[in-house]
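Topology and contacts: notes
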Amino acid sequence: ELVWSYYNLPELCNEDGKIANFNFYYAPLGVDAKVFKETKSRRQFIVANTGSGSRFSKECKNEVISAANLLGKKIFQLGSGENSGTTFYSNGMKDKKLAKYLSQCEFVSGLRRVEGFELPVIEGLLCGARPICFDRPHYRSWFNGLAEYIPEDENIVGSVGKIFMKGARPVTDKEKKYVESHFNWETISKGFWKRLKI
């Protein structure tokens, strides 16, 4: 009856020379602004990063950790792993606790090699952490000027390091209000049911 995606599927079909002959709802995922809100605290971590394990990570876990380690900066790592002097791991927490950790970070990583929407981008931004994303159309479409962008290439450590050295642009109240209105679950859900026309 209806296809919902945060990718512009009709546009992608058109690029492939196909006709998008389906009922389509182009909408993002949402964020709960009552839960994800900034707690005033010292930003002791350079970045909130995601991913578990020590091997290859689609979320660029190791590259972000390497960039922070080169600068001697601390990281909040959402996932499971061994804590070190610079990397603090935590996992399986309630959203309110996660929001407190995000409020202690300058940046939040939305770097994923396999395309996604990356909820930490909007959750972190509402907590005052500036997102970092790959410069890809689907991220630009939803996050536009909200994030810092890097190329998806072999120099992720260097690109992230440059952003870390520059420091985070403070997240403004205007940006938070934009996220609250454009990524509001109630609005998104109403749009879904309206488009479904049942």
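Heads up: these notes are all about the structure in this document. (Residues numbered from 1 in each chain as written. Predicted model: local features only at pLDDT ≥ 70, side-chain atom pairs only at ≥ 80, totals over all residues. Heavy atoms only, no water.)

1. Remarks on helix α6 (residues 156–166)
Of all the positions in α6, only I156, S159, V160, G161, I163 and F164 are classed as buried. Where α6 is buried, its residues meet β3 (45–50), α2 (61–70), β6 (105–109), β7 (130–134) and β8 (148–150). Just past α6, the residue G167 takes up positive phi, approximately 90°. (Buried < 20%, exposed > 50% of the residue type's maximum accessible area, 1.4 Å probe, protein only. Helix = DSSP H or I, 4+ residues; strand = E, 2+ residues; numbered from the N terminus. Contact = heavy atoms within 4.5 Å.)

2. Let's talk about unusual backbone geometry
The phi torsion at E118 lies on the positive side, around 65°, for a residue other than glycine. Tracing the sequence through the fold places E118 in the loop between β6 and α4 (119–126). Positive phi is not limited to glycine here, since N144 has a value of about 40°. If you trace the backbone, N144 turns up in the loop between α5 (137–143) and β8.

3. Comments concerning the nonpolar core
In terms of nonpolar packing, the biggest core is built from 47 residues, with L111, F143 and F164 touching the most fellow members. Residue contacts for F143: discarding those within four places in its chain leaves F117, E118, V121, I122, C133, Y149 and F183. Judged by nonpolar contacts, the second largest core, of five residues, contains Y25, A27, I188 and F192. (Core = buried A, V, L, I, M, F, W, Y, C linked by side-chain atoms within 4.5 Å.)

4. Digging into the packing of α4 against helix α7 (residues 173–182)
Packing of α4 against α7 leaves a shortest axis separation of 9 Å and a crossing angle of 135°. In terms of their interaxial angle, α4 and α7 are classed as oblique. Handedness of the α4/α7 crossing: left-handed. Taken together, the residues of α7 that come into contact with α4 (itself represented by I122, L125 and L126) are E175, K176, V179 and E180. Residue composition of the contact of α4 with α7, by class: four nonpolar, no polar and three charged. (Axes fitted to C-alpha atoms, helices over the stretch in contact; angles between N-to-C directions. Parallel < 35°, antiparallel > 145°, perpendicular 65-115°, else oblique. Left-handed = near helix turned anticlockwise from the far one by under 90°. Nonpolar A, V, L, I, M, F, W, Y, C, P; charged D, E, K, R; others polar.)

5. Considering the packing of aromatic side chains
Per the stated rule, a full pass over the model turns up 19 aromatic pairs. Note on Y6 and F117: the rings are 5.4 Å apart at their centroids and 50° apart in plane angle, and the pair reads as tilted. Taken together, the residues Y6 in the loop between β1 (3–5) and α1 (9–15) and F117 in the loop between β6 and α4 connect sequence positions 111 residues apart. Judged by its relative accessible area of 21%, Y6 is partly exposed. Residue F117 is classed as buried on the basis of its relative accessible area of 3%. (Phe/Tyr/Trp six-rings, centres within 6.5 Å; stacked < 30°, edge-to-face > 60°.)

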